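Observations on chain architecture
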Amino acid sequence: MEFFERKLKDSDSEIWAAIEKEKERQNKNLELIASENNVSMAVLEADGSVLTNKYAEGYSGKRYYGGCEYVDVAETLAIERIKKLFNAKFANVQAHSGSQANMAAFMTLVNVGDKVMGMDLSHGGHLTHGHPLNFSGSLYNIVSYQVSPKTYQIDYDELREIAVREKPRMIIAGASAYPRFIDFAKFRQICDEIGASLMVDIAHIGGQVATGLHPSPLPFADIVTGTTHKTLRGPRGGYLLTNNEEIAKKINKDIFPGIQGGPLMHIIAAKAVAFGECLKSEYKTYMQNVNENAKALAEELVKKGVCIVSGGTDNHLMLLDVSKNNLTGKAVEVALDKAGISANKNTIPFDTQKPMVASGIRIGTPSVTTRGMGKGEMKMIADFIKRVIDNVDNESALVSIRDEVYSLTAKFPMYK
Ligand code: DSN
């Protein structure tokens with residue numbers, strides 16, 4: 001039947017054109033958004049597969065629909081692979097996003113109205129770690145912790161002081177804009193002292209944890225949550241891990257029927273493909289390169305006089321404090337875009353600007369490393385960024401940087 005054969009280009013030229021343009025943008029631009037990456041054709045294929053047609057409420061072997069025998073295979077593979085990747089006893093791969101994974105972790109570990117302690121968003125945390133406009137901040141009683149004004153890193157003595165004073169029922173470790181190692185053992189000690197649960201969100205550092213480049217939170221956390229589309233280089237989505245069987249049962253109930261209905265089986269299949277890729281030795285090399293590139297980029301930027309929050313990075317991301325150049329994150333983000341470089345404005349600790357203006361720019365190396373770039377290219381990228389910072393209002397300078405960016409990316413092609 002023609003309906004099943006019609007290509008997107010012929011059936012919806014407007015959406016086809018938008019996708020083609022986006023593909024061109026991804027190929028030509030330097031992608032420095034720390035939470036983005038570029039998936040393999042295998043992941044894209046599973047993502048765009050006929051599994052999108054299938055309803056499969058429930059879990060493998062216990063579904064509310066017939067005809068689930070093949071999607072069961074996909075979900076079981078995804079679960080087995082992620083358990084192996086993180087050395088975890090139990091996993092749920094149905095969370096549609098990191099936010100929904102975090103919501104399920106809240107539902108499993110605490111009750112509405114309970115006190116929960118999370119990292120302040122502008123100090124590196126995440127919306128779902130207690131922001132007042134998010135479910136976490138509106139349904140739970142949030143107390144936040146911040147980084148030290150001296151080191152711009154977590155001060156574990158202060159963290160303990162707040163925890164002992166406030167006695168939260170749960171503490172959240174993990175961040176979306178924190179470039180330093182996180183000491184999960186210390187978090188556990190503090191939680192044990194006050195009888196709190198520990199939730200760890202590794203949405204950003206999942207790749208480092210999976211490859212041993214960052215200590216694992218699994219031995220310490222009651223629940224670990226994460227996303228599959230950042231350093232793990234998979235489709236957009238979330239997951240939850242635990243080593244506790246009772247908690248695992250509760251997580252499964254809280255994801256379905258608690259929060260979600262039918263799981264996205266095409267996404268779960270694509271997650272399985274990505275986890276399979278992460279289990280290969282070449283993924284470890286990739287993650288080592290991601291971290292080395294980030295370190296090299298941060299060092300080059302510091303050499304050029306750009307201020308990096310906390311002075312450097314231990315992972316794939318860094319925060320530039322552009323207030324030191326009398327600029328806002330917003331102005332630099334726009335200028336970088338004009339130069340063919342995608343990044344995002346980000347509040348920095350103790351920021352005096354509103355989030356939509358911000359004093360920082362967050363950049364990361366997962367995408368450029370996937371393209372095959374190395375230390376030589378990081379030097380060039382640092383040079384591009386510094387020249388953009390020096391020329392935010394100079395349109396012709398930005399256009400000429402963009403030409404150089406396009407020549408660089410042309411040497412590292414991605415999707416045809
Ligand atoms: N996870 C966030 C990021 O790091 O971009 C978005 O919610």
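Above this note sits the structure.
This section reports on the structure supplied with the text. (Residues numbered from 1 in each chain as written. Predicted model: local features only at pLDDT ≥ 70, side-chain atom pairs only at ≥ 80, totals over all residues. Heavy atoms only, no water.)

This part takes up the site of the ligand. Lining the immediate environment of the ligand, one finds S35, H126, S176, H204, K230 and R362. Between the ligand and H204 there is a distance of 2.6 Å, counted from an oxygen atom to a side-chain nitrogen or oxygen. Isolated, the ligand exposes 230 Å² of accessible area, and the fraction of that covered by the protein chains is 64%. Residue composition of the shell around the ligand, by class: no nonpolar, four polar and two charged. (Near = heavy atom within 4 Å. Polar contact = N/O pair within 3.5 Å; in protein donor to acceptor, adjacent residues only side chain to side chain. Areas by Shrake-Rupley, 256 points an atom, 1.4 Å probe, with all protein chains shown as cover. Nonpolar A, V, L, I, M, F, W, Y, C, P; charged D, E, K, R; others polar.)

With that settled, the discussion passes to the nonpolar core. Ranked by internal contacts, the top residues of the largest apolar core, which has 53 residues, are F86, I171, F187, I202, L232 and L241. Per element, the largest residue contribution to this core is six residues, and it comes from helix α5 (residues 69-86). Formed by 36 residues, the second largest nonpolar core is a distinct cluster that contains L30, M318, V332 and I381. (Core = buried A, V, L, I, M, F, W, Y, C linked by side-chain atoms within 4.5 Å. Buried < 20%, exposed > 50% of the residue type's maximum accessible area, 1.4 Å probe, protein only. Helix = DSSP H or I, 4+ residues; strand = E, 2+ residues; numbered from the N terminus.)

Another point: the sheet that holds strand β11 (residues 317-321). Strand order in the open sheet formed by three strands is β11-β14-β13, and the pairing between neighbours is antiparallel. A single partner strand is all that each edge strand has here, and the edge strands are β11 and β13 (344-346). Ignoring which end each strand starts from, the neighbouring axes of this sheet average 40° apart. The pairing of β11 with strand β14 (residues 360-364) spans five bridges and is antiparallel. (Pairing = 2+ DSSP bridges. Axes fitted to C-alpha atoms, helices over the stretch in contact; angles between N-to-C directions.)

A few words on helix α6 (residues 98-109). Note: α-helices contain 3.6 residues per turn, so residues at a spacing of three or four share the same orientation. Its 12 residues place the ends of α6 16 Å apart at the C-alpha level, agreeing with the 16 Å of an ideal helix rising 1.5 Å per residue. Turning to α6, its buried residues number three or more, namely G98, A101, N102, A104, A105, F106, T108 and L109. The backbone nitrogen of S99 lies 3.3 Å from a side-chain oxygen of the residue at the head of α6, namely S97. (Expected span 1.5 Å × (residues − 1).)

Tallied over the entire structure, the rule returns 28 salt bridges. Linking E193 and R160 is a salt bridge whose minimum nitrogen-to-oxygen distance equals 2.6 Å. Of this pair, E193 sits in helix α9 (residues 184-194) while R160 is found in helix α8 (residues 156-166), placing the two residues 33 residues apart along the sequence. The class of R160 is partly exposed, set by a relative accessible area of 36%. Close ionic contact of K304 with D383 constitutes a salt bridge, the shortest N to O distance being 3.7 Å. Taken together, the positions of K304 in the loop between α13 (281-303) and β11 and D383 in helix α16 (residues 375-390) put the pair 79 residues apart, joining distant regions of the chain. Taking the relative accessible area as the measure of exposure, K304 reaches 30% and is therefore partly exposed. (Salt bridge = Lys/Arg side-chain N within 4 Å of Asp/Glu carboxyl O.)

Counted under the stated rule, the structure contains three cavities of 30 Å³ or more. Quantified by volume, the largest cavity comes out at close to 90 Å³. Around the largest cavity sit 14 residues that line it, and A175, Y178, I182, H204 and I205 are the ones nearest its centre. Of the residues assigned to the lining of the largest cavity, the class counts are seven nonpolar, five polar and two charged. Of the voids in this model, the second largest cavity is the one considered here, and its volume is about 40 Å³. Every residue along the wall of the second largest cavity is listed here: R25, Q26, N29, E31, N38, S367, R371 and M414. Grouping the constituent residues of the lining of the second largest cavity by class yields one nonpolar, four polar and three charged. (1 Å grid on protein atoms, 1.4 Å probe; cavity = no way out; pocket = protein on both sides within 12 Å on 5 of 7 lines; lining within 4 Å. Points joined across faces, edges and corners; volume = space filled by probe spheres on them.)

To continue, consider helix α12 (residues 265-278). Counted at 1.5 Å a residue, the expected span for α12 with its 14 residues is 20 Å, and the 20 Å between its end C-alpha atoms agrees. Of all 14 residues that make up α12, 13 are buried, and the element is covered over most of its length.

Moving on, we get to unusual backbone geometry. Look at the link from F256 to P257: it is a cis peptide, with omega at 15°. Its location among the elements puts P257 in helix α11 (residues 245-259). Positioned with a positive phi, Y152 is a non-glycine residue whose angle comes to about 60°. Note that Y152 resides in the loop between β6 (141-145) and α8. Judged by its relative accessible area of 28%, Y152 falls in the partly exposed class.

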